[in-house]
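# Structure at a glance
Here's the letter readout for the chains.
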Amino acid sequence: MRKIIVLSFITLDGIMQAPGGPEEDTSGGFKYGGWTAPYFDEFSGKIMGEQMKQPFNLLLGRKTFEIFASYWPQHADVWPGINESVKYVVSNTLSEHAWENSIFIKGDVVEELKKLKNQDGPHLYVHGSGNLIQTLLKNDLVDELWLKTFPITLGSGKRLFAEGTIPAAFKLTDHKVSPSGVIFANYQRSGEVKTGTVG
């Protein structure tokens, strides 16, 4: 059985929209695209490199897939294995693409993703893909969250945890802090939410 692992850049107030560049996603009038850039350093690059080297397949929404497909096929030296890995794409509009090893998921997405999880193979990494992540969170399909939390608030934009996220408990499995204050924290799904009284 394989895991679905969500790898997200987020702000302190939970915004995940357009971390990589000004034109990445301007929907809703978002004007802070590229908000991660001032915080990236050698420390952060090393952690990202370690995560990108692991055996993986990708699980992406259409918009993120199209962004990736316009860049990564020509930059595989930076992300070894990206062209060879299987790219599973959730889309109602795309059904084929020239980027090798791209497979498109349609129909009952939740059922198809459950089938994918039950197969043997590398874990499924989810980058970007805000709408897809909401579907995953609503249906308890996220096994791990690998979050990079940046010391900034943006006030508005697409959030990682939007309305409809089910209550769920996670445990911290790894954490590091960069010199620029970025918190790298990995969490693993660990059962139901527990409550009690403090004191």
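Going by the structure above, here's the rest.
Notes on the structure follow. (Residues numbered from 1 in each chain as written. Predicted model: local features only at pLDDT ≥ 70, side-chain atom pairs only at ≥ 80, totals over all residues. Heavy atoms only, no water.)

### Comments concerning the nonpolar core
The cut-off we apply is this: As used here, the term nonpolar core means buried Ala, Val, Leu, Ile, Met, Phe, Trp, Tyr and Cys residues forming a set that is joined through side-chain atoms within 4.5 Å. For each residue, the accessible area found with a 1.4 Å probe, counting protein chains only, is set against the maximum for its type, and the residue is called buried under 20%, exposed over 50%, and partly exposed in between. Helix numbering and strand numbering both begin at the N terminus, where a helix is a DSSP run of H or I of at least 4 residues and a strand a DSSP run of E of at least 2. Whether two residues are in contact is decided by their heavy atoms: any pair within 4.5 Å suffices.
In terms of nonpolar packing, the biggest core is built from 28 residues, with L58, F65 and W79 touching the most fellow members. Secondary structure elements with two or more residues in this core: β1 (4–11), α1 (42–53), β2 (57–61), α2 (62–69) and β6 (144–150). In contact with W79, not counting residues within four places along its chain, are M52, F56, L58, F68, W72 and H127. If you look at the next biggest cluster of nonpolar residues, it comprises 23 residues, including L59, Y88, I133 and L137.

### Brief notes about helix α4 (residues 130–138)
Along α4, the residues that are buried comprise L132, I133, Q134, L136 and L137. Buried residues along α4 sit in contact with β1, β2, β3 (87–90), α3 (109–117) and β5 (124–127). Of the residues one or two after α4, D140 is the one with positive phi, at around 55°.

### Describing the sheet that holds strand β8 (residues 183–189)
To keep it simple, the criterion reads: Pairing between strands requires that DSSP locate at least two bridges from one strand to the other. Convention adopted: a line fitted to C-alpha atoms gives each axis, helices being fitted over their contacting stretch, and angles between N-to-C directions are expressed from 0 to 180 degrees.
With respect to topology, eight strands assemble into an open sheet ordered β4-β3-β2-β5-β1-β6-β8-β7, the strand pairing being mixed. For this open sheet the edge positions go to β4 (102–105) and β7 (170–177), each flanked by a neighbour on one side alone. Strand-to-strand, the axes of this sheet are offset by a mean angle of 20°, without reference to chain direction. Summarising the sheet, β2 and β5 pair through two bridges and their orientation is parallel. Across the sheet, residue N57 finds its bridge partner in β5, namely L124. In this fold α1 packs onto β1, β5, β6, β7 and β8, with an angle of close to 30° to the strand it touches most, β8. Most of the contacts of α3 go to β4, to which it runs at about 135°, and overall it touches β1, β2, β3, β4 and β5.

### Here we look at unusual backbone geometry
Even without being glycine, N101 reaches a positive phi, approximately 65°. Mapped onto the elements, N101 comes out in the loop between β3 and β4. The backbone of S129 shows a phi angle near 55°, a positive value even though the residue is not glycine. By the secondary structure assignment, S129 is in the loop between β5 and α4. By relative accessible area, S129 is classed as buried at 6%.

### So, the pairing of β2
Side-chain positions along a regular strand alternate between the two faces of the sheet. This is how it is decided: By the criterion used throughout, a crossover qualifies as right-handed when its path from the first strand across the helix to the second strand runs clockwise, the strands pointing away from the viewer.
Most of β2 is tucked away: five of the five residues are buried. Neither face of β2 is open: one carries N57, L59 and G61, the other L58 and L60, and all of them are buried. Taken together, the four bridges between β2 and β3 define a ladder with parallel strand orientation. The residue bridging G61 from the neighbouring strand is V90, located in β3. As for the winding sense of the linkage, the β-α-β connection from β2 through α2 to β3 is right-handed.

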